Amino acid sequence: MRKKRVLIMGAAGRDFHNFNTYFRGNEEYEVVAFTATQIPDIEDRQYPPQLAGELYPEGIPIRNEKDLPQIIAEEEIDQVFFSYSDVAHQYVMERASLVNAAGAEFVLLSPESTTLESEKPLISITAVRTGCGKSQTTRRVTDILRAKGYRLAVIRHPMPYGDLNEQRCQRFATYEDMDKYDCTIEEREEYEPHIDRGNVVFAGVDYEEILRKAEEEADVIVWDGGNNDFSFYKADLNIVLTDPLRSGHERSYYPGNVSIRLSDGVVINKVETATPEKVNAVRESVAELAPEATIIEAASPIKVEAPGVIKGRKVLVIEDGPTLTHGGMDLGAGTLAARKFGARETIDPKPHARGSLEETFQTYPEVENLLPAMGYGKEQVRDLERTIAACKPEAVVIGTPIDLRRLIDFDVPTTRVTYELQEIGEPTLEDLLSELDFPEG
């Protein structure tokens, strides 16, 4: 029988994992190409033969999703597998319609088809959208487990934007490790807070190899999910974050709606900034979609390093890039700090954008009066530096999860805004974790 000719739609993460777990070595399919979107400059690469396996001695090309209908026609594609996350259901079905109209079937793989099993207890932490508070929840969970004496390995959702073969299996325990792998700002935002706590972080491309390496040095594995993707691993405990500032998105985004339905515990974060009506709306959604899940309410209060830097000044606010872009948020911790501590004005960076930042603002026009910390490569970091200088701020408010002053020299006063998860009332995350029958640490 003729092999089914397949195209995998992705964004340098779930797509590679789906290939590794479902297609690699599978004689029924021929994966003709990947397509790429969401992340700048990740197309026109190749999934290398060392990762693709013996059926693909030349590797697999990665092309731009914009060319999808043309690729389907030219390559006689039978099936297109949608394999990225943090997108509205409307968006998914628009892509399905495009694929069907081009003559191919549109397919979504289930968690059952792609999740791997760990030999160690595993906790999965995911979210229904980017920017819900998953990172600080993961940090809170690791703090609880470390206090109990467990050796931990954190496995982070992939961000392989460089040489895929070199990034096959990465281990981060020091700042030097991030330098060694030439990490982007987005990667550093996820790894640095764990390193500061003494957590070892694994990431890369081949998540079975990554899991086996992590198991060698840990009693418990913590999956730190990205975007709103579901876990790559079967979990003993599924914790899912929701955001009442975007109430309803737990129903209307893919695959966050899948994650909610699989959850054991749901954290409703940001209850201190959302209205009671929106908090209740999320609670009602969770009760319907995951009636057995434990619901935990939480806040992420901000802590400002030097509030005096903000007061009365014309400030530039820099926030986490993915949260503002495909996460769809219109503010972050830095914006809240600027408002709270009396900034005279917040600068609109759009007229001052340089290089790739101009395209970012064109793609995400809803981002206003703040600067997303885009840094997917050295050139984009330089564009970020040029944009900051062109804005001519009197002070800069850094609301990113990392201290940007490690990467960028500022010639005006700066202050950093940080935040950690704080449970409100009961039950707490510690209560939820205590239900697990883990071996003594």
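Structure's up top.
Residues numbered from 1 in each chain as written. Predicted model: local features only at pLDDT ≥ 70, side-chain atom pairs only at ≥ 80, totals over all residues. Heavy atoms only, no water.

A. The sheet that holds strand β8 (residues 122-127), seen in detail. Strand order across the open sheet formed by nine strands is β10-β11-β9-β12-β8-β13-β15-β16-β23, with mixed pairing between neighbours. Each of the sheet's edge strands pairs with one partner strand only, and the pair in question is β10 (169-172) and β23 (422-423). Bridge count for β8 against strand β12 (residues 220-224) is four bridges, and the pairing is parallel. Considered in β12, the bridge of leucine 122 is made with isoleucine 221. Those strands touched by helix α9 (residues 207-215) are β8, β9 (152-156), β10, β11 (200-204) and β12, and its axis lies near 165° from that of β11. (Pairing = 2+ DSSP bridges. Helix = DSSP H or I, 4+ residues; strand = E, 2+ residues; numbered from the N terminus. Contact = heavy atoms within 4.5 Å. Axes fitted to C-alpha atoms, helices over the stretch in contact; angles between N-to-C directions.)

B. Highlighting the packing of helix α15 (residues 356-363) against helix α16 (residues 378-391). Viewed as axis vectors pointing N to C, α15 and α16 meet at an angle of 85°, and their least axial separation amounts to 8 Å. By the criterion of interaxial angle, the relationship of α15 to α16 is roughly perpendicular. In this structure, α15 uses Ser356, Leu357 and Thr360 to contact α16, whose residues at the interface are Gln380, Asp383, Leu384 and Thr387. Partitioning the contact of α15 with α16 into residue classes produces two nonpolar, four polar and one charged. (Parallel < 35°, antiparallel > 145°, perpendicular 65-115°, else oblique. Nonpolar A, V, L, I, M, F, W, Y, C, P; charged D, E, K, R; others polar.)

C. Local environment of the sheet that holds strand β5 (residues 79-82). Ordered by their spatial adjacency, six strands build an open sheet running β3-β4-β2-β1-β5-β7, and the pairing between neighbours is mixed. Among the strands making up the open sheet, the edge pair consists of β3 (45-47) and β7 (105-107). Between one strand and the next, the sheet's axes are offset by a mean angle of 30°, whatever the strand orientation. As paired strands, strand β1 (residues 4-10) and strand β2 (residues 29-36) are joined by seven bridges and run parallel to one another. Paired with valine 6 across the two strands is valine 31, which belongs to β2. In the packing of helix α1 (residues 14-23) onto the sheet, the strands contacted are β1, β2, β3, β4 (60-64) and β5, and the crossing angle to β2 comes to about 170°. Against the sheet, helix α4 (residues 89-101) touches β1, β5 and β7, its axis set at about 150° to β7.

D. Representation of the pattern of salt bridges. For the structure on display, the rule yields 35 salt bridges. Two residues, glutamate 217 and arginine 171, come together in a salt bridge whose shortest N-O distance is 2.9 Å. Here the residue glutamate 217 occupies a position in the loop between α9 and β12, and arginine 171 occupies one in strand β10, the gap between them amounting to 46 residues. We classify arginine 171 as partly exposed; its relative accessible area is 35%. (Salt bridge = Lys/Arg side-chain N within 4 Å of Asp/Glu carboxyl O. Buried < 20%, exposed > 50% of the residue type's maximum accessible area, 1.4 Å probe, protein only.)

Read these as spatial facts, not as claims about activity.
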